[in-house]
Amino acid sequence: MPETAATKLLSTEERATLLAIAREAIVAHLDRRPAPLLDPRSETPRLLAPGAPFVTVRVDGDLRGCIGTTRFERPLRQVTAELAVSAASQDRRFDSIGRDERSALAIAVSVLTPLAPARIDAIEIGRHGLVVRCRGRSGLLLPQVASERGWDAPTFLAETSRKAGLPANAWRQPDAQVHWFEAECFSDDGRD
């Protein structure tokens, strides 16, 4: 398997750099100025490798956006910057982050491993994230969602199906595909 950003753990410095990249991209967007040039510290092999992050933004502890990708197509540092802006401004479930909210903004990044077919009997809460695909729809929940909400594996599967806009039992259908992944999760507010 080719090396991706998720095949090795990120260093403390790389985590801090990704969080800074995400914050700087959001602030530039809020100020209606071009995204800043990427810091030379972000030129590590892991941050230059193709990566699949999810960026979560909270204001005063409340979820205000979470957008990501499962595709390993572009450098992790670049995708993180782009998805940070999307999470802050394009998550249709929430109002866009306003300029006056930046001081209360908290950012989390989850760097995913590649998707793999899940073994339903081996799903570990807190370790695995899930994707359910069925009838042309797809839903994804990060590993920390099930832990934070105290779900067991069947509930996690049902909620991932619901996230796709499907019935809770869709994951059991013969045409359903269930994939899992792991994620390295970190934030600038200690919620990881």
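Please refer to the structure placed before this passage.
This section reports on the structure supplied with the text. Note that the structure is predicted; figures quoted are calculated from it, not measured.

Definitions and limits used
Residues numbered from 1 in each chain as written. Predicted model: local features only at pLDDT ≥ 70, side-chain atom pairs only at ≥ 80, totals over all residues. Heavy atoms only, no water. Helix = DSSP H or I, 4+ residues; strand = E, 2+ residues; numbered from the N terminus. Rg over C-alpha atoms; globule rule 2.2 N^0.38 Å. Contact = heavy atoms within 4.5 Å. Areas by Shrake-Rupley, 256 points an atom, 1.4 Å probe, with all protein chains shown as cover. Lys, Arg positive; Asp, Glu negative; His and termini not counted. Charge placed at Lys NZ, Arg CZ, Asp CG, Glu CD. Pairing = 2+ DSSP bridges. Axes fitted to C-alpha atoms, helices over the stretch in contact; angles between N-to-C directions. Salt bridge = Lys/Arg side-chain N within 4 Å of Asp/Glu carboxyl O. Buried < 20%, exposed > 50% of the residue type's maximum accessible area, 1.4 Å probe, protein only.

## Digging into the overall build of the protein chain
Alright, step 1. The secondary structure content of the protein chain amounts to five helices and eight strands.
Alright, step 2. Over its C-alpha trace the protein chain gives a radius of gyration of 17 Å, about what one expects of a compact globule, namely 16 Å for 192 residues.
Alright, step 3. With respect to the three principal axes, the spread of C-alpha positions in the protein chain is 50 × 40 × 30 Å.
Alright, step 4. For the protein chain, the proportion of contacts with a sequence separation of at least 24, taken over those separated by at least 6, is 72%.
Alright, step 5. Entry remark: accessible area of the protein chain is about 9,900 Å², with carbon and sulfur atoms responsible for 48%.
Alright, step 6. A gap of 5 Å separates the mean positions of the 26 positive and 26 negative side-chain charges of the protein chain.

## Some thoughts on the sheet that holds strand 8 (residues 183-187)
Alright, step 1. Taking strand neighbours across the sheet as the criterion, the four strands line up as 2-1-3-8 in an open arrangement whose pairing is antiparallel. Looking at the sheet topology across the chains shown, the edges are occupied by strand 2 (62-68) and strand 8. Across the sheet, the mean angle separating the axes of adjacent strands is 15° when strand polarity is ignored.
Alright, step 2. Of the strand pairs in this sheet, strand 3 (residues 105-112) and strand 8 are connected by five bridges, and their pairing is antiparallel. Among the inter-strand pairings, Val111 is bridged to a residue of strand 8, identified as Glu184.
Alright, step 3. Here helix 1 (residues 12-30) sits on the sheet and contacts strand 1 (53-59), strand 3 and strand 8; the angle it forms with strand 3, its principal contact strand, is near 125°.
Alright, step 4. Where helix 3 (residues 76-89) meets the sheet, its contacts fall on strand 1, strand 2 and strand 3, and the angle it forms with strand 1 comes to roughly 35°.

## Topic: the pattern of salt bridges
Alright, step 1. Following the criterion strictly, the structure yields 13 salt bridges and no others.
Alright, step 2. In this structure, the salt-bridge partner of Asp188 is Arg23, at a minimum N-O distance of 2.5 Å. Here Asp188, found in the segment after strand 8, pairs with Arg23, found in helix 1; they are 165 residues apart in sequence, far enough to count as distant.
Alright, step 3. Residue Asp31 pairs with Arg33 through a salt bridge whose shortest N-O separation is 3.6 Å.
Alright, step 4. In this structure Arg33 comes out as partly exposed when scored by relative accessible area, which is 40%.

## Remarks on unusual backbone geometry
Alright, step 1. Although it is not a glycine, Arg32 sits at a positive phi angle of roughly 55°.
Alright, step 2. Look at Arg32 and you get exposed, because its relative accessible area is 72%.
Alright, step 3. Phi angles above zero are rare outside glycine, and Asp60 is one such case at about 50°.
Alright, step 4. Within the fold, Asp60 resides in the loop between strand 1 and strand 2.

Bear in mind that shape data such as this cannot, by itself, settle questions of function.
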